[in-house]
Amino acid sequence: MTRQTSLLYLDGVSVSFDGFQALNELSLVIAPGEMRAIIGPNGAGKTTMMDVITGKTRPDTGDVYFDGVIDLTGEDEASIAELGIGRKFQKPTVFESHTVRDNLDLALKAPRGPFQTLFHTITGAETKQIAYLLDLIRLTDKQSELAANLSHGQKQWLEIGMLLAQDPKLLLVDEPAAGMTDAETEETAALLKDIAEDHSVVVVEHDMTFIRSLEVKVTVLHEGSVLAEGSLDHVSADPRVVEVYLGR
Amino acid sequence: MMTSFLFRALDKNAALFLGLLTAIIVAVPALNLLLPPDHPLHVPTYAVTLMGKYLTYALLALSVDLVWGYCGILSLGHAAFFALGGYAMGMYLMRQIGTRGVYGDPLLPDFMVFLNWDTLPWYWYGFDMFWFAALMVLLVPGLLAFIFGWFAFRSRVSGVYLSIITQALTYALLLAFFRNDMGFGGNNGLTDFKDILGFDVQADTTRAALFAASGIALGLCFIICRAITRSKLGKVLVAVRDAESRTRFLGYRVEHYKLFVWTISAMMAGIAGALYVPQVGIINPGEFAPANSIEAVIWVAVGGRGTLVGAVIGAVLVNFAKTWFTAAFPEFWLFALGGLFVFVTLFLPKGIVGTVTDNWAKVSRRKHAVDERPGDTPSTRPAPNPAE
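Residues numbered from 1 in each chain as written. Chains lettered and ligands numbered in written order. Predicted model: local features only at pLDDT ≥ 70, side-chain atom pairs only at ≥ 80, totals over all residues.

Trainee: In this structure, what is going on with the overall build of chain B? I would like to understand it.
Mentor: On a plain count of helices and strands, chain B comes out with 15 helices and four strands. Over its C-alpha trace chain B gives a radius of gyration of 22 Å, about what one expects of a compact globule, namely 21 Å for 388 residues. In terms of its C-alpha atoms, chain B occupies a principal-axis envelope of roughly 85 × 60 × 50 Å. Expressed as a percentage of the 388 residues in chain B, the buried residues total 43%. (Helix = DSSP H or I, 4+ residues; strand = E, 2+ residues; numbered from the N terminus. Rg over C-alpha atoms; globule rule 2.2 N^0.38 Å. Buried ≥ 20, exposed ≤ 12 C-beta atoms within 10 Å, placed from the backbone.)

Put into structure tokens, the structure is as follows:
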């Protein structure tokens, strides 16, 4: 696939911190509408990759393009979010002293300037969208609770709901199943597959059963670059992948 | 747009506060001016001025609470904005003295004559007009805050580092204003005021009017703060306080929000300073002292940060205690203040108002739970948000 037809295009991206090579000539292409799972042992560079895409970290070298033409290396977090990339953190991060409803309200796609929010009044369409999202993430009866009172799994879901409220083209989801029960993990996989119907999604995860239930192309990262790519059966048959995961 | 913005600010709790404030604004001057001095309910003029001073402190506390309580910016330099507003007002009052000064110079304030200056420095021009001074009361602190905030927030300086820089800012201004060649009266500052808008600053009626003006300013700024904190912008501010990077990744430009609220807050502190100076009759570099800014933070902590009423209550209570304490046991006041801060931090982390509303919410929730039949879904918010 060429850069022009891709949704996300990373080419030769390198990042180092104090001599530690976090990303090493990483190249990765995500097609529009694709869902991709990214796995790799600790320190493989998964989170750094997300940091580079979302503007938190600037790459030392390499190209990062969104939608074929937008150079992301020149943009900051806020403008990248506005371009249509939503990110869920590894540790669920929601606004604890706001209600569930207000969390979604803040995430909804709407003008983001201080003067626009100062005079903002909620519209009927927004109320409907919030109701829809509350139903989707199964928090309708918790909508008036403070987010601080939610369980770990509910916070994960709320954060996914906030991501959807932004209406992004691409969702970066970092360990959505971490700390969830088996049943919750299953539901989360189903939710993500639902979301992938009309969004592009990149999921970083450790849980292999979770990855398997997604049934998507898998990219294995190791020491900051791509080690293998393909179906989960294909990559887990790769002797180098086995070696990286099991150690020498 | 504007009406719904202001309408949001007014609910039962706000109305209660504003009603009480209005009663005080009317009652105190009335009891001072209308009753004969020997009447048991007569409020002496010194008390009117003292309470007027508390109201300006309450406004300063409100401005600190807006940035600290709602946006998590712990400013240890808000007294700088307060003092700058005070100096702008002081300059106007100096120029009103005219030929009544010791040296009788029609243009130059006494301290300039004393320093053998023969022309008025350019930055004193315009301060003979009240409207100009009033404008500067807002613009000077606002502009300084804007420039300071522009650099600090864009470079993402936050937390304790920002607090230290704000402390340095007020200390630098303290040193600068101490210098005679700055042209602000040096060590002695500006004092010996005669009249304001043509009225004698010592007169009982002027004092009562200044008290009322302080109360009105407090009320208006309270409404503005409340409209801000209850708007979507206010929710974004709390979001920044609780999870700054999450807010950024949602597409909000956090630095713009901080800059907005920081600048508004500095202007409110400036108004407070401007009302303070004619009531106490002097402004000197001591107002820039780092301890003053820290004291303002303590008022907010005591009253309850993140609650606007709390800031007001904290400022009034602590200053009332200070007035009493410094008269009764002058050498122990700082110990008492420090002890109060430790006590509040340990036992009332949400301050007086935060603790009261929390307990009230608990009680009403328990009652609610008893009333409620199983299967009912509560339609109201279970806990009143302490941020309101």
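Trainee: Sorry if this is basic, but what is going on with the sheet that holds strand β2 (residues 20-30) of chain A here?
Mentor: Two orientations exist for strands paired in a sheet by backbone hydrogen bonds: parallel and antiparallel. Residues and elements named next belong to chain A. Read from one edge to the other, the open sheet built from four strands follows the order β2-β1-β4-β5, with strand pairing classed as antiparallel. At either end of the open sheet lies a strand with only one pairing partner, and these are β2 and β5 (70-71). Pairing of strand β1 (residues 8-17) with strand β4 (residues 61-66), which is carried by five bridges, proceeds in the antiparallel orientation. The residue of β4 that forms the bridge with D11 is D63. Where helix α1 (residues 46-53) meets the sheet, it contacts β1, β2 and β4, and its direction lies at approximately 65 degrees from that of β2. (Pairing = 2+ DSSP bridges. Contact = placed C-beta atoms within 7 Å. Axes fitted to C-alpha atoms, helices over the stretch in contact; angles between N-to-C directions.)

Trainee: Whenever I open this one, unusual backbone geometry confuses me. Can you help?
Mentor: If a residue is not glycine, its phi is most likely negative; likewise, a peptide bond is most likely trans. Residues and elements named next belong to chain A. Even without being glycine, E175 reaches a positive phi, approximately 45 degrees. In this structure, E175 sits in the loop between β7 (170-174) and α7 (182-196). Even without being a glycine, E215 presents a positive backbone phi close to 55 degrees. As for its placement among the helices and strands, E215 is situated in the loop between α8 (208-214) and β9 (217-222). Given 12 C-beta atoms within 10 Å, E215 falls into the exposed group.

Trainee: I tried to follow the interface of chain A and chain B on my own but got confused; where do I start?
Mentor: Interfaces are often sized by the accessible area lost when the parts come together. Chain A puts 25 residues into the contact, and the matching count from chain B is 27 residues. Elements with a contribution of two residues or more to the side of chain A that touches chain B: α2 (77-83), α3 (100-107) and α4 (114-118) of chain A. It is α2 of chain A that contributes the most residues to the side of chain A that touches chain B, four residues altogether. Residues that form the side of chain A that touches chain B fall into these classes: eight nonpolar, 10 polar and seven charged. (Nonpolar A, V, L, I, M, F, W, Y, C, P; charged D, E, K, R; others polar.)

Trainee: Hey, could you run me through helix α6 (residues 130-154) of chain B in this one?
Mentor: Note: α-helices contain 3.6 residues per turn, so residues at a spacing of three or four share the same orientation. Residue and element names in this part refer to chain B. Taking 1.5 Å as the rise per residue, α6 with 25 residues should run 36 Å; its terminal C-alpha atoms sit 35 Å apart, in good agreement. Maximal helix bending in α6 amounts to about 30 degrees, located at M136. Those residues of α6 that fall on the buried side of the exposure criterion are A133, M136, V137, P141, G142, A145, F148, G149, A152 and F153. Looking at the buried side of α6, the elements it contacts are α4 (78-97), α7 (159-178) and α11 (254-280). Just downstream of α6 lies R156, where phi reads positive at about 60 degrees. (Expected span 1.5 Å × (residues − 1). Bend = angle between axes of the 7 residues up to and from the residue.)

Trainee: Help me understand the nonpolar core, please; the structure alone is not making it clear to me.
Mentor: Nonpolar side chains in soluble globular proteins tend to be buried together. All names here are of chain B. Formed by 166 residues in total, the largest nonpolar core has its most connected members in A58, L59, A61 and L62. Ranked by the residues each element gives to this core, the list is headed by α11, at 16 residues. Once you skip the residues sitting within four places of it in the chain, A61 turns out to touch A296, W299, V300, G303, A311, V312, G314 and A315. (Core = buried A, V, L, I, M, F, W, Y, C linked by C-beta atoms within 7 Å.)

Trainee: Help me understand the UniProt feature "transmembrane region" (unreviewed entry) in chain B, please; the structure alone is not making it clear to me.
Mentor: Residues given the UniProt feature "transmembrane region" (unreviewed entry) here are residues 54-87, 130-153, 160-178, 208-228, 259-277, 297-320 and 332-352 of chain B. Strand forms 0% of residues 259-277 of chain B and helix 100%; the C-alpha atoms that close the span are 27 Å apart. (UniProt positions renumbered as here; feature names shortened; annotations may be inferred.)

Trainee: Would you explain the sheet that holds β9 of chain A in this entry?
Mentor: All names here are of chain A. One open sheet holds the six strands; their spatial order is β6-β7-β8-β3-β9-β10, and the pairing between them is mixed. This sheet does not close on itself; its edge strands, each paired only once, are β6 (85-88) and β10 (225-230). On average, adjacent strands in this sheet sit at an angle of 20 degrees to one another, irrespective of strand direction. As paired elements, β7 and strand β8 (residues 200-204) share five bridges and run parallel to each other.

Trainee: In this structure, what is going on with the environment of V280 of chain B? I would like to understand it.
Mentor: Residues and elements named next belong to chain B. Tracing the backbone shows V280 in helix α11. Under the C-beta neighbour-count criterion, V280 is labelled partly exposed, with 15 such atoms within 10 Å. Counting along the chain gives 161 residues from V280 to T119, while the straight-line C-alpha distance between them is 29 Å.

Trainee: Would you mind showing me how to read the pairing of β1 of chain A here?
Mentor: The side chains of a regular strand alternate between both faces of the sheet. Residues and elements named next belong to chain A. Pairing of β1 with β2, which is carried by seven bridges, proceeds in the antiparallel orientation. Among the inter-strand pairings, V13 is bridged to a residue of β2, identified as L26. Counted between consecutive antiparallel strands, the loop separating β1 from β2 contains two residues, among which D18 sits at a positive phi close to 45 degrees.

Trainee: Would you mind showing me how to read the environment of L41 of chain B here?
Mentor: Residues and elements named next belong to chain B. Looking at the element boundaries, L41 is found in the loop between α2 (12-33) and α3 (45-71). Taking C-alpha positions, L41 is 51 Å from E255, a pair spaced 214 residues apart along the chain. If we ignore the near neighbours within four places in the chain, the residues touching L41 are L31 and L35.

Trainee: Just to check I follow, could you spell out the packing of helix α12 (residues 290-303) of chain B against helix α13 (residues 308-328) of chain B for this structure?
Mentor: The description of two packed helices rests on the angle between their axes and on the distance between the axes. Residue and element names in this part refer to chain B. At a minimum axis distance of 7 Å, the contact between α12 and α13 shows a crossing angle of 115 degrees. Considering how the two elements wind past one another, α12 and α13 form a crossing that is right-handed. Of the residues in α13, those touching α12 at I298, W299, V300, V302 and G303 are G310, A311, V312, I313, G314, A315, L317 and V318. Here the residues of the contact of α12 with α13 sort into 10 nonpolar, three polar and no charged. (Left-handed = near helix turned anticlockwise from the far one by under 90°.)

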